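Chain by chain, the residues:
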Amino acid sequence: MTDAQISQMTPEGSEIPISERGPAPTRVVVSYGFWLFILSDIILFAALFAAYAVLSGQTAGGPSGHQLFDRGHVLIETACLLLSSFTCGMFSLAIDQRSARYTYVFGAITFALGLGFIGLELSEFTEMIAHGNGPQRSAFLSAFFALVGMHGTHVTLGLAWLLGMLAQVATLGFTPRVVGRLRCFSLFWHALDVVWIGVFTIVYLGAH
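Residues numbered from 1 in each chain as written. Predicted model: local features only at pLDDT ≥ 70, side-chain atom pairs only at ≥ 80, totals over all residues. Heavy atoms only, no water.

1. What about a nonpolar patch on the surface?
Together, Tyr-32, Leu-36, Leu-39 and Ile-42 make up an exposed nonpolar region whose accessible area comes to about 430 Å². As for its placement among the helices and strands, Leu-39 is situated in helix α2 (residues 26-55). Since its relative accessible area comes to 46%, Leu-39 is described here as partly exposed. (Patch = residues over 30% accessible without salt bridge, like charges linked within 9 Å, V, L, I, M, F, W, Y side chains within 5 Å. Areas by Shrake-Rupley, 256 points an atom, 1.4 Å probe, with all protein chains shown as cover. Salt bridge = Lys/Arg side-chain N within 4 Å of Asp/Glu carboxyl O. Helix = DSSP H or I, 4+ residues; strand = E, 2+ residues; numbered from the N terminus. Buried < 20%, exposed > 50% of the residue type's maximum accessible area, 1.4 Å probe, protein only.)

2. Structural notes on the packing of aromatic side chains
Both the distance between ring centres and the angle between the ring planes are used here to describe each pair of aromatic rings. According to the stated counting rule, one finds 18 aromatic pairs in the structure shown. Where Phe-117 meets Trp-196, the ring centres are 4.9 Å apart and the plane angle is 85°; that geometry is what we call edge-to-face. Within this pair, whereas Phe-117 is found in helix α5 (residues 100-130), its partner Trp-196 is found in helix α7 (residues 176-205), the two being separated by 79 residues in sequence. Comparing Phe-117 with Trp-196, the two get one shared label, buried. (Phe/Tyr/Trp six-rings, centres within 6.5 Å; stacked < 30°, edge-to-face > 60°.)

3. Some remarks on unusual backbone geometry
Most peptide bonds take the trans configuration, and most residues that are not glycine carry a negative phi. Positive phi is not limited to glycine here, since Ala-60 has a value of about 55°. Of note, the phi angle at Arg-98 is positive, near 55°, even though the residue is not glycine. Structurally, Arg-98 is set in the loop between α4 (71-96) and α5. On the basis of relative accessible area, Arg-98 is assigned to the partly exposed category, the value being 41%.

4. Some points on the UniProt feature "transmembrane region" (unreviewed entry) in the protein chain
Feature annotation in UniProt places "transmembrane region" (unreviewed entry) on residues 29-54, 74-95, 102-120, 140-166 and 187-207, given in this structure's numbering. Here residues 140-166 runs as 100% helix and 0% strand, with 39 Å between its end C-alpha atoms. With 90% helix and 0% strand, residues 187-207 has its two end C-alpha atoms placed 29 Å apart. (UniProt positions renumbered as here; feature names shortened; annotations may be inferred.)

5. Considerations on the environment of Phe-125
Checked against the element boundaries, Phe-125 lands in helix α5. A relative accessible area of 12% places Phe-125 in the buried class. Between the alpha carbons of Phe-125 and Gly-149 there is a distance of 9.0 Å; along the sequence they are 24 residues apart.

6. A closer look at the packing of α4 against α5
With their axes 8 Å apart at the nearest point, α4 and α5 run at an angle of 160° to one another. Considering their axes alone, α4 and α5 lie roughly antiparallel with respect to each other. Considering only the axes of α4 and α5, their crossing is left-handed. (Axes fitted to C-alpha atoms, helices over the stretch in contact; angles between N-to-C directions. Parallel < 35°, antiparallel > 145°, perpendicular 65-115°, else oblique. Left-handed = near helix turned anticlockwise from the far one by under 90°.)

7. Concerning the packing of α5 against helix α6 (residues 139-172)
The contact between α5 and α6 brings their axes to 10 Å, and the two run at 155°. In terms of orientation, α5 and α6 fall into the roughly antiparallel class. For the element pair α5 and α6, the recorded crossing hand is left-handed. Within the contact of α5 with α6, the residues separate by chemical class into 19 nonpolar, eight polar and two charged. (Nonpolar A, V, L, I, M, F, W, Y, C, P; charged D, E, K, R; others polar.)

8. Digging into the pattern of salt bridges
As enumerated under the stated definition, the model contains one salt bridge in all. With a shortest N-O distance of 3.1 Å, Asp-96 and Arg-183 are connected by a salt bridge. Here the residue Asp-96 occupies a position in helix α4, and Arg-183 occupies one in helix α7, the gap between them amounting to 87 residues. You can call Arg-183 partly exposed: its relative accessible area is 48%.

9. Comments concerning the nonpolar core
In terms of nonpolar packing, the biggest core is built from 47 residues, with Phe-69, Phe-144, Trp-196, Val-199 and Tyr-204 touching the most fellow members. At 14 residues, the largest contribution of residues to this core is made by α7. Leave out the neighbours within four places in its chain, and Val-199 touches Phe-49, Leu-147, Val-148 and Tyr-204. (Core = buried A, V, L, I, M, F, W, Y, C linked by side-chain atoms within 4.5 Å. Contact = heavy atoms within 4.5 Å.)

10. Focus: the side chain of His-151
Position of His-151 among the secondary structure elements: in helix α6. With a relative accessible area of 0%, His-151 lands in the buried category. Among residues more than four places away in sequence, those in contact with His-151 are Phe-45, Leu-81, Phe-117, Leu-192, Val-195 and Trp-196.

Following this line, the structure appears as structure tokens:
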């Protein structure tokens, strides 16, 4: 009988009902909490997508998405983020192998691609605002900046998180807690890629 099985037995030797057992292990609690966080983010983005769908035609006599968006520019952004998803997958494999060298290499490449994505997105925003097409110009642009800007904010926070995790690997090594956090980061990053596919398809390819 394992220690876990023994801990679920009463002093008389009978099994403790599930409803009366002690708190779940930290690993289970953290995983459950992080999935709740991801689901709450999905709800947030779903609301922003819905708002954009309703307001995308409300240009108030201003330019539409078809007139504003440079699809070639956005394709480069998309390539950066999707490629970072691949390198993040390699990053996860390096973590599973407990390879510090490749963890740093693929972590750095993921960071560089994410930073490139943010740089391209900021240049797009800057150019639009410089020509008087900021979020105050129309309901369409308010919805656009809210949706795309929220995604960019998440990517920026993800980059800060990645730097923090690489620092933890350097100082603490591949402890169970650090590995768990790294896996949470990987899940978060892939979720952002999925959201961006929706943004690219609905906002940019669907512009009219």
